[in-house]
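Geometric and topological summary
Spelled out from the first residue to the last, the chains are:
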Amino acid sequence: MSVSTTASSTSAGYRDLRRMILGQEMVLFVIIVLLFVVVGLINPRFIAERNISSIFLGNAYVAVAAIGMSMVIISGNIDISVGSLIGVLATLCGTLALNGVPIIISWIIPIIVGMAITTGMGAMVAYLRIPSIVVTLGMLSILKGGLISVTGGAWLTDLPSGFFLAQTRPFGIPTPVYFMVGLTIAAAFWMRRSSLGRAIYAVGGNVEAARLSGIDPAKTVVKAFAIHGFFVGIAAVLFATQLSVIQSTVPPNLELTIITASVVGGVSILGGTGTVIGSTLAAILIATIASAMIFVNISPFWMRAVQGVMILTTVLADLWRRQRQRAGG
């Protein structure tokens with residue numbers, strides 16, 4: 001029995017390695033490298049250290065948020081309020097620091113609040129059977145309207161000097177990069193090895209089959225949303241601390257960018273499949289494309305069209321792949 005189990009485990013490991021080498025993650029990695037090479041040849045300033053650092057530093061929070069979004073989508077749901085939530089939590093973070101709250105507490109409270117809000121949304125989805133797109137659309141309006149009403153869009157300035165976590169550079173590497181890489185690796189391992197991670201995949205793949213195997217779909221969805229809130233909270237802190245001021249508004253098109261990163265990274269919009277490694281690479285790719293467009297004199301307004309094409313192409317490829325699997329089955 002132990003020999004059989006070991007062989008099965010080894011076989012699964014080889015399958016995971018082969019899928020990673022030949023799958024979406026490697027495709028994204030190759031595209032990123034090619035993009036740097038090609039645009040770098042056109043305009044050498046693109047591969048300057050300052051620009052590369054800007055690409056990673058300014059968008060690491062998007063990759064972190066995409067980790068949690070990927071878990072929600074894998075569970076068969078979606079959260080379109082994520083951009084508004086990041087705006088609210090970032091403003092909360094700065095407001096706490098300005099009012100004399102210890103800096104470490106001003107970083108922690110937004111994470112707790114983010115988890116509370118997303119857990120509440122998850123509970124409505126799971127127990128009231130309201131579609132996630134409806135729940136999160138309602139929350140988007142509440143958060144966006146509430147933020148503007150309370151702050152009037154004012155900027156938060158004169159923040160304490162120790163507040164700017166994202167501006168620190170241990171060993172010469174920006175702190176957000178440590179968060180992005182560390183959280184991606186930890187989340188990827190957890191999703192594949194933990195019982196809850198496997199349950200999220202099972203619920204997103206087939207709710208009835210998951211229920212019959214002893215998994216509680218409702219609890220699993222709520223937990224997926226709660227974990228999503230944890231990552232959104234961290235993303236908000238990184239966003240709030242990367243500049244010297246915080247603009248008390250919702251970052252434009254942020255939810256689209258985060259969802260695009262998850263979907264283009266290989267997470268099926270229908271649920272059940274995908275990895276957080278892919279979503280992080282896709283977030284880097286999106287940031288690289290946006291920067292490249294500037295260096296080759298293409299209007300940045302085309303970026304939204306590019307994101308739309310990326311989403312449609314990925315979704316169509318996923319549907320085609322699923323049809324092939326059914327035909328083969």
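Everything here concerns the structure above.
Our subject in this report is the structure included herewith. (Residues numbered from 1 in each chain as written. Predicted model: local features only at pLDDT ≥ 70, side-chain atom pairs only at ≥ 80, totals over all residues. Heavy atoms only, no water.)

1. So, the overall build of the chain
- When helices and strands are tallied, the chain shows 13 helices and 2 strands.
- Across the 329 residues of the chain, 48% fall into the buried class.
- Counted over contacts in the chain with a minimum sequence separation of 6, partners at least 24 positions apart contribute 79%.
- Surface summary for the chain: the accessible area is close to 16,100 Å², and the carbon and sulfur share equals 69%.
- Charge-centre separation for the chain: the mean point of 19 positive side chains lies 7 Å from the mean point of 9 negative side chains. (Helix = DSSP H or I, 4+ residues; strand = E, 2+ residues; numbered from the N terminus. Buried < 20%, exposed > 50% of the residue type's maximum accessible area, 1.4 Å probe, protein only. Contact = heavy atoms within 4.5 Å. Areas by Shrake-Rupley, 256 points an atom, 1.4 Å probe, with all protein chains shown as cover. Lys, Arg positive; Asp, Glu negative; His and termini not counted. Charge placed at Lys NZ, Arg CZ, Asp CG, Glu CD.)

2. Quick word on the packing of helix H7 (residues 175–193) against helix H8 (residues 195–205)
- Here H7 crosses H8 at 75 degrees, and the two axes come no closer than 5 Å. Comparing their axes, H8 and H7 come out roughly perpendicular. Within the contact between the two elements, H7 uses Trp 190, Met 191, Arg 192 and Arg 193 and H8 uses Ser 195, Leu 196, Gly 197, Arg 198, Ile 200 and Tyr 201.
- Residue composition of the contact of H7 with H8, grouped by class: 5 nonpolar, 2 polar and 3 charged. (Axes fitted to C-alpha atoms, helices over the stretch in contact; angles between N-to-C directions. Parallel < 35°, antiparallel > 145°, perpendicular 65-115°, else oblique. Nonpolar A, V, L, I, M, F, W, Y, C, P; charged D, E, K, R; others polar.)

3. Overview of helix H12 (residues 276–295)
- Taking 1.5 Å as the rise per residue, H12 with 20 residues should run 28 Å; its terminal C-alpha atoms sit 29 Å apart, in good agreement.
- For H12, the tally of buried residues reaches 17 of 20 residues, placing the bulk of the element in the interior.
- Looking at the residues trailing H12, positive phi occurs at Asn 297, about 60 degrees. (Expected span 1.5 Å × (residues − 1).)

4. Re the packing of helix H4 (residues 82–98) against helix H11 (residues 254–264)
- Contact pair H4 / H11: the axes reach a minimum separation of 7 Å and the direction vectors enclose 120 degrees. Put simply, H4 runs oblique to H11. By crossing handedness, the relation of H4 to H11 is classed as right-handed. Between H4 and H11, the residues in contact are Val 82, Gly 83, Ser 84 and Ile 86 and Leu 254, Glu 255 and Ile 258, respectively.
- Looking at the contact of H4 with H11, its residues break down into 4 nonpolar, 2 polar and 1 charged. (Left-handed = near helix turned anticlockwise from the far one by under 90°.)

5. Focus on unusual backbone geometry
- Its identity is not glycine, yet Arg 129 carries a phi of approximately 60 degrees, on the positive side.
- Mapping Arg 129 onto the fold places it in the loop between helix H5 (103–127) and helix H6 (132–151).
- Note on Arg 129: relative accessible area 68%, which makes it exposed.
- Although it is not a glycine, Phe 171 adopts a positive phi angle of roughly 55 degrees.
- Take Phe 171: it is sitting in the loop between strand E1 (155–156) and H7.

6. A closer look at the layout of surface pockets
- Of the voids in this model, the largest pocket is the one considered here, and its volume is about 970 Å³.
- Surrounding the largest pocket, 34 residues form its lining, Asn 59, Tyr 61, Pro 252, Thr 257 and Ala 290 being those nearest its centre.
- Across the lining of the largest pocket, the residue classes break down as 22 nonpolar, 11 polar and 1 charged. (1 Å grid on protein atoms, 1.4 Å probe; cavity = no way out; pocket = protein on both sides within 12 Å on 5 of 7 lines; lining within 4 Å. Points joined across faces, edges and corners; volume = space filled by probe spheres on them.)

This is a description of form; function is not addressed.
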